[in-house]
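# Inside the fold
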Protein chains: 2
Amino acid sequence: LEKATLQQIKEQNRNLVFKIIRERLNTSRAEVARISHLTRTTVSDIVSGLICEGLVSEVGTGLSIGGKSPILLSLNADARHLIGLDLAYTRFSGAIVNLRGQIREMVSRPLYSYDSDNGLQVAYEIIDHLMQVSNRPLVGIGIGTPGLVSTKDGIVINAVNMEWRNFPLGKLLQDRYQLPVYVLNDCQASAIGEYTYGDNYPAVRNMIVIRVGHGIGAGIIMDGQIFQGDGGYAGEIGHVVRVQENGLPCRCGNAGCLETVASSGAVLQRARQLVRCGHTLWGSEPGEVTFETLEKAFQAGDPLLRPIILEAAHYMGMAIANLVGALNINKVILTGSMTGFGKPWLDVILETANRNMLPRLTQEISIEVGRLKDNEAILGATALLANNYSFLFK
Amino acid sequence: LEKATLQQIKEQNRNLVFKIIRERLNTSRAEVARISHLTRTTVSDIVSGLICEGLVSEVGTGLSIGGKSPILLSLNADARHLIGLDLAYTRFSGAIVNLRGQIREMVSRPLYSYDSDNGLQVAYEIIDHLMQVSNRPLVGIGIGTPGLVSTKDGIVINAVNMEWRNFPLGKLLQDRYQLPVYVLNDCQASAIGEYTYGDNYPAVRNMIVIRVGHGIGAGIIMDGQIFQGDGGYAGEIGHVVRVQENGLPCRCGNAGCLETVASSGAVLQRARQLVRCGHTLWGSEPGEVTFETLEKAFQAGDPLLRPIILEAAHYMGMAIANLVGALNINKVILTGSMTGFGKPWLDVILETANRNMLPRLTQEISIEVGRLKDNEAILGATALLANNYSFLFK
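First things first, this report covers the structure right here in the doc. (Residues numbered from 1 in each chain as written. Chains lettered and ligands numbered in written order. Predicted model: local features only at pLDDT ≥ 70, side-chain atom pairs only at ≥ 80, totals over all residues. Heavy atoms only, no water.)

### A few points about the nonpolar core
Counted only if it meets this: Residue types Ala, Val, Leu, Ile, Met, Phe, Trp, Tyr and Cys, when buried and joined through side-chain atoms within 4.5 Å, form a set referred to as a nonpolar core. Categorising residues by exposure relies on relative accessible area from a 1.4 Å probe, with only protein chains included: less than 20% of the type maximum marks a residue as buried, more than 50% marks it as exposed, and the intermediate range marks it as partly exposed. Contacts are assigned to residue pairs that have any heavy atoms within 4.5 Å of one another.
By size, the foremost hydrophobic cluster in this structure holds 109 residues, and its most contacted members are Ile210 of chain A together with Ile210 of chain B. Residues contacting Ile210 of chain A, with those up to four places away along its chain left out, are Ile216, Gly217, Ala218, Ile237, Met316, Ile320, Val332, Ile333, Leu334 and Thr335 of chain A.

### Looking at the packing of aromatic side chains
Residue and element names in this part refer to chain A. For the record, the criterion: Aromatic rings from Phe, Tyr and Trp, with only the six-membered ring used for Trp, were paired whenever their centres fell within 6.5 Å, and each pair was classed as stacked if the ring planes differed by under 30 degrees, edge-to-face if by over 60, and tilted otherwise. For a Lys NZ or an Arg CZ to count as sitting over a ring, it must be within 6 Å of the ring centre and within 35 degrees of the ring normal.
Across all of its chains, the model carries 16 aromatic pairs over all chains by this definition. Measuring from centroid to centroid gives 4.7 Å for Trp164 and Phe167, while their planes differ by 10°, and the two rings are stacked. When sorted by exposure, Trp164 lands in the same class as Phe167, which is buried. An aromatic cluster is built from Phe18, Tyr389 and Phe393, whose rings are joined through pairwise contacts. It is Arg14 that lies over the ring of Phe393; its NZ or CZ is 3.8 Å from the centre. The ring centre of Tyr124 lies 3.9 Å from the NZ or CZ of Arg176, which sits over that ring.

### Topic: the pattern of salt bridges
Residue and element names in this part refer to chain A. Heads up, the condition is: Salt bridges are counted wherever a side-chain nitrogen of Lys or Arg sits within 4 Å of a carboxyl oxygen of Asp or Glu. Secondary structure follows DSSP: runs of H or I at least 4 residues long count as helices, runs of E at least 2 residues long count as strands, and numbering of each begins at the N terminus.
Applying the stated criterion across every chain, the model contains 38 salt bridges over all chains. Put simply, Asp186 and Arg211 hold a salt bridge, and the shortest N to O gap is 2.9 Å. Of the two residues, Asp186 sits in helix H6 (residues 186–197) while Arg211 sits in strand S12 (residues 207–212), which places them 25 residues apart along the sequence. Of the residues examined, Asp186 reaches a relative accessible area of 9% and is grouped as buried. Judged by its relative accessible area of 12%, Arg211 is buried.

### Concerning the relation of the copies chain A and chain B
Selection criterion: For the least-squares superposition of copies, only C-alpha atoms count, and only for residues with pLDDT at least 70 in both.
Structural alignment of chain A on chain B gives an RMSD of 0.1 Å, achieved by rotating through 180° and translating 0.0 Å along the axis. Taken together, the turn and the small shift mark the pair as related by a two-fold rotation axis. Interface overlap between copies is the fraction of interface residues in one copy that are interface residues in the other; for chain A against chain B it reaches 100%, indicating a shared surface.

### Things to note about the pairing of strand S13 (residues 216–222) of chain B
Regular strands place side chains that alternate from one sheet face to the opposite one. Residues and elements named next belong to chain B. This is how it is decided: If DSSP finds at least two bridges between two strands, the strands pair.
Counted residue by residue, S13 has 7 buried out of 7 residues, so it is predominantly covered. Going residue by residue along S13, you find Ile216, Ala218, Ile220 and Met222 tucked away on one face and Gly217, Gly219 and Ile221 tucked away on the opposite face as well. Where strand S12 (residues 207–212) and S13 come together, 6 bridges link them in antiparallel fashion. The residue bridging Val212 from the neighbouring strand is Ile216, located in S13. The antiparallel hairpin formed by S12 and S13 contains 3 residues in its connecting segment. Where S13 lies against strand S14 (residues 225–227), 3 bridges are found, and the strand directions are antiparallel. Opposite Met222, over in S14, you have Gln225 as the bridge partner. Adjacent in sequence and paired antiparallel, S13 and S14 are bridged by 2 residues, among which Asp223 carries a positive phi angle near 50°.

### A look at the side chain of Ser134 of chain B
Residues and elements named next belong to chain B. Rules: For the purposes of these results, a polar contact is taken to be a pair of N or O atoms within 3.5 Å, where, inside protein, one atom must be able to donate a hydrogen and its partner to accept one; residues adjacent in sequence count only when each atom of the pair is a side-chain atom.
Of note, Ser134 is situated in the loop between helix H4 (116–133) and strand S7 (138–145). Classification of Ser134 by relative accessible area gives buried; the value is 17%. Within the structure, the side chain of Ser134 is placed 3.4 Å from the backbone oxygen of Arg136, a separation counted as a polar contact.

### So, the interface of chain A and chain B
Stated formally: The term buried area means the drop in 1.4 Å probe accessible area that two parts suffer when joined, counted for both and summed. For this classification, Asp, Glu, Lys and Arg are treated as charged, while Ala, Val, Leu, Ile, Met, Phe, Trp, Tyr, Cys and Pro are nonpolar and the rest, including Gly, are polar.
Taken together, the contacts link 56 residues of chain A with 56 residues of chain B. Taken over both partners, the interface formed by chain A and chain B buries close to 4600 Å², and the fraction arising from carbon and sulfur atoms is 55%. Counting every contact that joins chain A to chain B gives 0 salt bridges. Run the count over chain A and chain B and you get 20 residue pairs in polar contact (both at pLDDT 80 or more). Secondary structure elements with two or more residues in the side of chain A that touches chain B: helix H1 (6–22), strand S13 (216–222), helix H7 (237–240), helix H11 (305–327) and helix H13 (359–362) of chain A. Ranked by the residues each element gives to the side of chain A that touches chain B, the list is headed by H1 of chain A, at 7 residues. A breakdown of the residues in the side of chain A that touches chain B according to their chemical character gives 25 nonpolar, 20 polar and 11 charged.

### Structural notes on the packing of helix H1 (residues 6–22) of chain B against helix H3 (residues 40–52) of chain B
All names here are of chain B. For clarity, the cut-off: Only the contacting stretch of a helix is used when fitting its axis, a line to C-alpha atoms as for every element, and angles between N-to-C directions run 0 to 180 degrees. Throughout, the term roughly parallel applies to angles under 35 degrees, roughly antiparallel to angles over 145, roughly perpendicular to angles from 65 to 115, and oblique to all others.
Remark: H1 packs on H3, axes separated minimally by 10 Å, with the N-to-C direction vectors making an angle of 70°. Here H1 lies roughly perpendicular to H3, going by the angle between them. On the side of H1, the interface is formed by Asn13, Arg14, Val17, Phe18 and Ile21, while H3 contributes Ile46, Val47 and Leu50. Looking at the contact of H1 with H3, its residues break down into 6 nonpolar, 1 polar and 1 charged.

Purely spatial values, then, with no claim about function.
Okay, here's the thing in C-alpha cells:
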C-alpha cells in the first residue's frame, strides 16, 4: 500500500488507455471508454496527449454501428525503439525492437574468448552498432544474460561463462549510453518474451518458460509478472532439480543435476563420446561434432544418438511434472536449442510429464515449443522496458 | 490496470493509515504521517473516522521529542472478531479470533463418520457454538479444508476425507450465517497464518509453509500473497513430487509420492506393520497404535521406529531442496503433526536439504518449525478476511 494522489490517478488512467490501445490492432475512443469505464471526455483528453507524443495515430474510420463512423486509433509501434541483447553461451546477439516487439535490426557476434573484458567489449560493439543505425527515440536497453543477476541494481552476480562476478553491467551501460538499462537472467528474459509476444498474453496469467539449451533454466510468470525469488535465482532448475541420485558430476559441483542429462551441452558431450568410440554420426563427415551435426544425425535416424536425445527428453518431462505439480501452472513453453530435435523429443516430454502428474492435472496442461524462434530472450529483455510506463512517458 | 477514481484514493489512503496503525503496537498521528507521506490533516481526518468506527483508540501519551507529547494510537484488536475453522482429517476445530490473531474462544469436535453430511453438520455445530458466545461484530468466517478448493466461488472441488465433490460449502455457510465466507485449502491457510502471525511479516515477502501431517501440502507466499495457481492446486507437493521411482502405491493412484514416505499417515502405517510383526513400541502398552504412541516411542529411542521417522525426514528434505531451488524462496516453515518428532527429525531435513541445494543457496535458507502450534490454519483462514479492507469497512 502506498499513498494515493491525484497525479497517480492521472497517470494510471493514461496508462490504462495506452494499454488498451496497444493491446488491440486498432480501436476507437468509444471502445476505449467502454472497456476502461472512463468517461468519453477523459478518454478523448488522454488520447489527444498520446497523439501529441506520437505514440498513437488516427488510422481511418471504422464501420458505423448506428451514428457517426468511429475514428480508428492505433499504436504507433515505431514511435519509440528499444535495444535488446541476449548474451548467449557462445554468441551474443542484439536487436532494435519496436513497441510491438517487431525486430527492426539484428546483429550478432561470436564469442571467441570468455574473459570478462572481452564479453563487455563484444556487448559494447553490438550496442554501438545498433545505436548508430537507430533512427527513433530510444526507450532503453534490456539485457538477458546467463547466470545470476540482481535486476534491481543491474549487477551480474555470477555468470560462469563470462567470468563475471559482481559485475556492474547495468551501471557501465547506463554511463556509456545514457539510457535506462535492465539486466536480467536470460531464462527470465525468455519467459517475459514468450509471455508478452508469444500469443498467450493477456488471457494467460501464469506461465512457465523453460530454456533448454547449453544450460537449462526456467522463467516463472505469475499473475502476469516474472517471479525472481528472494535472490533472483527463481527458475534455476538446471542445478536444483536432481534427477539421478548417483548421477554424473555437474559443473555446479553437485552431481545428477538436470543439466547433466537434459541440456544440449550434455547430449553433445555424450555424442562426442560415441564418436571417440568409433561411431560415425549418420549424415555427418568425420570432424568436429557440433550441435548442428547432432540435429542432422537425429533427423537421419541415427540409432545410437536417438536414445540419448530421448533420455534427455524423459528427464526434462520429469522436471516439468514436478514444477507444474508444485505450482499448478498449466501453460509450459519450451525454448532453446534442444527444441531443434522437434516432435520426437517433445512427445517423450509430454508422455513422461503426463505419467508423473496427478491424473486430473494432465488434461489442463499444455506443453509446447515457443513461437519466437531464438529471439525470445532479446524480446523479453526489451518488453520489461516497454511495459514500464515511467520510461515510456518521460 | 483499472480505472482510478477519487473514491479509490480515499479508500487507499484510509487502508494505508489503518495498516500502519495495525502493524505497530502503538504509534502517533505524526508518525503515521511521516511513514505514509500523507499530510497531518489527512491523517487526522482518517484517524477520527477510525476512532468513530471503534477500530482505533487513543491509549495515552508518548515521550515528547521536543514539543507537545504525542497522543498514542493503537489498534482496538477486539473491535471486530472473526471465526476460523480447520477441517482436519479426524478432528474439526474452530475459534473466535480478533484483529491481531489472538484466539478468544476455541472449540473442537472429533469426526467419527466421513460422509459429506456429517462433515457439514459438525462444521455447523462448531460455528453455531462460536456465534452464540461471540459478543463483538463479526467480520466473517474463514475455513481451511483439506483437498482442492476454488476459493473464488467457495466450492470444495474434491476433499477425499469428507467425500465432498463440487460441494458449495461457501454458499451454504453464507446463507446460514449471513456473513462473508472464505474457503481455502488448509495448507494454503496454514501458510497465510504463519506468514501473518508468525513473526516474519512484513519483512519477509516470500515464504513456503509445508504442513506435514496425515497428508502433505505446501502454501506458497509470493510477494506477500498466497499463490494458488491456475486451478487452486498450487503447493500440492504430497502427490506431485515423486521421491521414489518404484515406490509404494499412493491413495492418489500413482506410486512413490512424497506422502507415501514422509507423512504421519505413512509412518503410522509402517509402525503398525512393525507391531503386527511382534515388535513392542518402546514405552507403549499393547493395543492400538496412535500417533501419540509413536511420538512417545520415538522420544524413548525405539530403535526400529527411529529409521522410519528419519527416512521420512530425508525425503521431506529432498522435496524442500527441489522447491526452494526452483523458487528461490529462502524462508521455509514446517507445521503439522510430524513436527512432533522434534529436533532429530528437523536435523535430518536440514542436512538433506542442504546437501541437495546449490552451495550458495544453503547459507541463505532458513528451515524451521512454525510458532503457532496447531492453530496456524485457523488463524490463516481468518487473516484473509481480516486483511480484506472491504469487509472490515462496510
